[in-house]
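# Remarks on the overall topology
Chain by chain, the residues run as shown.
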Amino acid sequence: MDGSATPQSFEPTRNAALDRLRVFAPKAGGDYARLRNYDLGPGRHVHVSTLSPYLRHRLLTEDEVLRTVLARHSPQAAEKFIQEVFWRSYWKGWLEMRPAVWTAYREGLAAALNRSRVEAGLRQRWSDACNGQTGIDGFDHWAHELIQTGYLHNHARMWFASIWVFTLGLPWELGADFFLRHLHDGDPASNTLGWRWVAGLQTRGKTYLARPDNIARYTERRFHPAGLAPAAPPLDGPDHPQRRPAPVSPPWTASRRSGLLLHEDDLSPAYLFETGLAPVSQIRLQTTSARSPLAVSPQVTAFVSAALEDAATRWRDRSGEDAGHHDQVDAIADWARASRLEQIVTPYAPVGPTAEALDKLDAALAPHGIALIRPLRPYDERAWPHATHGFFRFKDQIPSLLSAMGL
Ligand SMILES: Cc1cc2nc3c(=O)[nH]c(=O)nc-3n(C[C@H](O)[C@H](O)[C@H](O)COP(=O)(O)OP(=O)(O)OC[C@H]3O[C@@H](n4cnc5c(N)ncnc54)[C@H](O)[C@@H]3O)c2cc1C
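From a predicted model like this one, the values you see are computed outputs, not experimental measurements. (Residues numbered from 1 in each chain as written. Predicted model: local features only at pLDDT ≥ 70, side-chain atom pairs only at ≥ 80, totals over all residues. Heavy atoms only, no water.)

### Structural notes on empty space enclosed by the protein
- Under the defined criterion, the tally for this structure stands at one cavity of 30 Å³ or more.
- Along the walls of the largest cavity sit Arg56, Lys92, Leu95, Asp187, Pro188, Ala189, Asp265, Pro350 and Val351, which together make up its complete lining.
- Looking at the lining of the largest cavity, the elements with two or more residues in it are helix H5 (79-96) and helix H11 (188-199).
- Tallied by class, residues from the lining of the largest cavity come to five nonpolar, no polar and four charged. (1 Å grid on protein atoms, 1.4 Å probe; cavity = no way out; pocket = protein on both sides within 12 Å on 5 of 7 lines; lining within 4 Å. Points joined across faces, edges and corners; volume = space filled by probe spheres on them. Helix = DSSP H or I, 4+ residues; strand = E, 2+ residues; numbered from the N terminus. Nonpolar A, V, L, I, M, F, W, Y, C, P; charged D, E, K, R; others polar.)

### Here we look at the pairing of strand E2 (residues 281-285)
- The buried fraction of E2 is high, at five of five residues.
- Looking at chain direction, strand E1 (residues 258-263) and E2 are connected through five bridges and run parallel. Of the residues in E2, the one forming a bridge with leucine 262 is arginine 284.
- Both E2 and strand E3 (residues 321-326) contribute to a ladder of four bridges, which runs parallel. (Buried < 20%, exposed > 50% of the residue type's maximum accessible area, 1.4 Å probe, protein only. Pairing = 2+ DSSP bridges.)

### Things to note about the sheet that holds E3
- A sheet is described by the order of its strands in space; here five strands give the open sequence E3-E2-E1-E4-E5, paired in parallel fashion. In this open sheet, the two edge strands, each paired with only one partner strand, are E3 and strand E5 (371-373). Shown here is a sheet whose adjacent strand axes are inclined to one another by a mean of 20°, direction ignored.
- Two elements, E1 and strand E4 (residues 343-345), share three bridges in a ladder whose sense is parallel. (Axes fitted to C-alpha atoms, helices over the stretch in contact; angles between N-to-C directions.)

### Some thoughts on the packing of aromatic side chains
- Per the counting criterion, the structure on display carries 31 aromatic pairs.
- Ring pairing ties together the aromatic residues Phe86, Trp87, Tyr90, Trp91, Tyr379, Phe391, Phe392 and Phe394, which thus form one cluster.
- Seen from the ring of tyrosine 151, arginine 157 lies directly overhead, with NZ or CZ sitting 5.5 Å from the centre. (Phe/Tyr/Trp six-rings, centres within 6.5 Å; stacked < 30°, edge-to-face > 60°. Lys NZ or Arg CZ within 6 Å of the ring centre and 35° of its normal.)

### Some remarks on the domain arrangement of the protein
- With domains assigned, the protein is organised as domain 1 (14-97 + 383-404), domain 2 (100-218) and domain 3 (258-375).
- Using C-alpha coordinates to define each centre, domain 2 is positioned 31 Å away from domain 3.
- Facing the 16 residues of domain 2 at the interface are 15 residues of domain 3.
- Linking domain 2 with domain 3 are zero salt bridges.
- There are seven residue pairs in polar contact (both at pLDDT 80 or more) connecting domain 2 and domain 3.
- Elements represented by at least two residues in the side of domain 2 that touches domain 3 include exactly helix H6 (100-118), helix H8 (139-149) and helix H10 (172-182). (Domains from an automatic or database assignment. Contact = heavy atoms within 4.5 Å. Salt bridge = Lys/Arg side-chain N within 4 Å of Asp/Glu carboxyl O. Polar contact = N/O pair within 3.5 Å; in protein donor to acceptor, adjacent residues only side chain to side chain.)

### Comments concerning the site of the ligand
- Surrounding the ligand, one finds 28 residues, the nearest of these being Tyr32, Ser49, Arg88, Tyr151 and Asn154.
- Within the backbone of serine 52, an N or O atom sits 3.0 Å from an oxygen atom of the ligand.
- The contact in question runs from an oxygen atom of the ligand to an N or O atom on the side chain of arginine 88, over 2.6 Å.
- In the complex, the protein chains occlude 96% of the 820 Å² of accessible area that the ligand would expose alone.
- At the level of secondary structure, the elements contributing two or more residues to the shell around the ligand comprise helix H3 (52-57), H5, helix H9 (154-167) and H11.
- Element by element, the count of residues in the shell around the ligand is highest for H5, at six residues. (Near = heavy atom within 4 Å. Areas by Shrake-Rupley, 256 points an atom, 1.4 Å probe, with all protein chains shown as cover.)

### What to know about the packing of H6 against H11
- Contact pair H6 / H11: the axes reach a minimum separation of 11 Å and the direction vectors enclose 70°. Looking at the two axes, H6 sits roughly perpendicular to H11. Mapping the contact onto sequence places Val101, Trp102 and Tyr105 in H6 and Pro188, Thr192, Leu193 and Arg196 in H11. (Parallel < 35°, antiparallel > 145°, perpendicular 65-115°, else oblique.)

### Digging into the layout of surface pockets
- There is about 290 Å³ of room inside the second largest pocket.
- Forming the boundary of the second largest pocket are 16 residues, of which Ala104, Trp172, Arg196, Leu201 and Pro238 lie nearest the centre.
- The set of elements that each furnish at least two residues to the lining of the second largest pocket consists of H6 and H10.
- Considering every element that reaches the lining of the second largest pocket, the biggest residue donor is H6, with five residues.

### Here's the deal with the environment of tryptophan 159
- By the element assignment, tryptophan 159 lies in helix H9.
- Considering only alpha carbons, one finds tryptophan 159 and proline 212, 53 residues apart in sequence, at a separation of 9.5 Å.
- Non-local contacts of tryptophan 159, meaning those with residues more than four positions away in its chain, are made with Asp39, Trp142, Tyr208, Ala210, Asn214, Ile215, Tyr218 and Thr219.
- Here tyrosine 208 takes part through its side chain, which lies 3.3 Å from a polar atom of the side chain of tryptophan 159.

### Here we look at the packing of H10 against H11
- As a packed pair, H10 and H11 sit with axes 10 Å apart at the nearest point and diverge in direction by 145°. Handedness of the H10/H11 crossing: right-handed. Packed against H10, whose contacting residues are Trp172, Gly175, Ala176, Phe179 and Leu180, the element H11 presents Pro188, Asn191, Thr192, Trp195 and Arg196 at the interface.
- Looking at the contact of H10 with H11 residue by residue, the classes come out as six nonpolar, three polar and one charged. (Left-handed = near helix turned anticlockwise from the far one by under 90°.)

So, in structure tokens, the structure goes:
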């Protein structure tokens, strides 16, 4: 890594997220539209917000980011930035309606890991790619930057994924897993579908080719790799699965004896308290280790762990007794029984490890007559059903989604 740069660091608190938003907001208009594609390297990602670790875990919500930006810029001036924020919502909605794509990714990853155990050549090439030892200018730097800082610029993610798939010929699932283990914003929807998009599996037949001149231009000539694949033929894959309906919020009543469960997919439970929820107790569930069958970076685990504690502390006065931080659903089921809860209320978790853990918890609670209530955030409930086709169709809904938020 370039020794002159300071590594990007992410303090796992809502206050740090708010500070970052305050500093970035003035740049979310014309500056972002002109300069967002430049990747200037670690410690110099000044043209983008670097808010994704906070948005991913919702220490800060999309709603808050959009409101802050639109308080300073017109929707036209901030159009590009607003669209990017809605890409996250689009990917989440798309996967929510097609959970089989997440299951297929996990199966593809297991198959690729099995291959790596028997094919020494594959194992070596995969290890060289993850350790930044391919000799490809730029690529090796991004592998180190990812491991050291937990963040990569969007353009670097695209170049890296494209080189991984088309130049190195490695299974895309191993690359997606490498990202999920090291990104502070590692996200089942944005990551899986981002990799699929690069590989030509998402928008069928459309791939992303990393070109040396484009890399040189947008890294201000820090890198100019040689020997990149000259073409990006789309990978083969099954058709998209049939869509299931987007989820809707369940009917529920805040007056029952409730426990609050906080998890890493949504650490802003204010919308639950607005219903009159008054929990007798609060507990945290951490599922970071389930992002990958391999070991998740300790930095990422520590970030999420501290983010959960930050949220718990912020809501402590309204959450009843503190029942601690756990990574097993059995401990949560025991707590629910011991606290004589009628229901556990928790923010809806989209497709991914947390949703899988909550499904398990639901099954463990059912015999005891304890309900697991997962209300959707109105922002998600309005946006997700529009992720039926490509982003260009979804994008047409942005003005009405903003207007439903009073923006
Ligand atoms: C192969 C690949 C893998 C990716 N994996 C992840 C991931 O695991 N987690 C993740 O959060 N994002 C992922 N992205 C999307 C995107 O690269 C990051 O969200 C973005 O780089 C975060 O940096 P930022 O906050 O500075 O973005 P900004 O440019 O400041 O954008 C503002 C916000 O908009 C959203 N956003 C911007 N671009 C995208 C996008 N392409 N897709 C979805 N949301 C977007 C993010 O919430 C981001 O914080 C991936 C993209 C690719 C191509």
